[in-house]
Amino acid sequence: MSMSYVHGYSSTEARRLGDQADTLAELLHHDTSYPAGSRVLEAGCGVGAQTVHLAAASPGAHIVAVDHNAGSLAQARARAIGVAQVEWCHADLYDLPFTDGSFDHVFVCFVLEHLAEPLRVLTELGRVLRPGGTITVIEGDHGSAFFHPDDPDAHAAIAHQTRLQSAAGGNALIGRQLQPLLSGAGYHDIVVRPRTVYADRTRPALVEGFTRRTFIAVMESVRDDALAAGLGTPAEWDRGIAGLRRTAEEGGTFHYTYFKARAIRR
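Residues numbered from 1 in each chain as written. Predicted model: local features only at pLDDT ≥ 70, side-chain atom pairs only at ≥ 80, totals over all residues. Heavy atoms only, no water.

Caption draft 1: Structural context of the packing of helix H1 (residues 11-29) against helix H7 (residues 204-228). Contact geometry of H1 with H7 gives a least axis separation of 9 Å together with a crossing angle of 140°. Read as a crossing pair, H1 and H7 show a hand that is left-handed. Here Arg16, Asp19, Gln20, Thr23 and Leu24 of H1 come into contact with H7, specifically with Ala205, Leu206, Gly209, Phe210, Arg213, Thr214, Ala217 and Val218. For the contact of H1 with H7, a count of residues per class yields six nonpolar, four polar and three charged. (Axes fitted to C-alpha atoms, helices over the stretch in contact; angles between N-to-C directions. Helix = DSSP H or I, 4+ residues; strand = E, 2+ residues; numbered from the N terminus. Left-handed = near helix turned anticlockwise from the far one by under 90°. Contact = heavy atoms within 4.5 Å. Nonpolar A, V, L, I, M, F, W, Y, C, P; charged D, E, K, R; others polar.)

Caption draft 2: Molecular detail of the nonpolar core. Counting residues in hydrophobic clusters, the biggest one holds 44 residues, and the most contacted among them are Trp88, Phe210, Phe215, Leu244, Phe254 and Tyr258. Among the elements that make up this core, the one with the highest residue count is H7 (nine residues). Sequence-distant contacts of Phe254, defined by excluding residues within four places in its chain, comprise Ala145, Phe146, Phe147, Val197, Tyr198, Ala199, Phe210, Thr211, Phe215, Leu244 and Thr247. Of all hydrophobic cores here, the second largest spans 32 residues; its members include Val66, Val106, Val111 and Leu122. (Core = buried A, V, L, I, M, F, W, Y, C linked by side-chain atoms within 4.5 Å. Buried < 20%, exposed > 50% of the residue type's maximum accessible area, 1.4 Å probe, protein only.)

Caption draft 3: Representation of the pairing of strand E2 (residues 62-67) within the structure. With five of six residues buried, E2 lies mostly within the body of the structure. Bridging between strand E1 (residues 39-43) and E2 involves five bridges; their strand directions are parallel. Bridged to Arg39 within E2 is His62. The β-α-β motif built from E1, the intervening helix H2 (residues 51-57) and the parallel element E2 has right-handed crossover chirality. Direction of pairing for E2 relative to strand E3 (residues 86-90): parallel, over a ladder of five bridges. (Pairing = 2+ DSSP bridges. Right-handed = clockwise from strand over helix to strand, strands pointing away.)

Pasting the structure below:
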């Protein structure tokens, strides 16, 4: 499968994914639940950070969580010990080992941004989704990040990360493309809505969980790889990350938008 996870597979990244999922669970998943007895495919479950929230919201559903990385699946199993309704599967999202129409619902969160051919994957997911079944897709968009104090070096660091992800075959700006992607894959009744994160000192949990442990942590994690790729200098990266850190301090604010789409298979 043509997929390169730009953030890597370290224990630090696994913790970041957990922090992100826990911090954003209410914002992103409060309106996602599946009926008892339904079969749900989670495509690209990673370390299971989203899976545990998905399972908690739909205790009667049977969830099949798929990922191409065996190490991530092992971490996911450990994270979800005691969650009996989840079945784990090591598989390629471009060529899923399921028959046509095997699932009632499909759930995809923070996956398409890492794929070289997201339209092809959405089409394959449509194959295993029954007619009338739903797909839910959630993705971010780094172009939606703005903050105070404004800082050109911080913006440059975000742009470097976006270029690094693009070079790896991904797209950190994919949130704005969900409607045309789903339409191109043959889905209908497509509804896309923004889910905005705004953090300031009056929302300390978001400052810590999102601004520091999710977004800034992403920039910190790719610094060395970006430098190796010739994207900026060490001094520029250090200034950029320092600028982002100031947004999490007294007087700072941070804004970011995720996009959540829901569509139906014809």
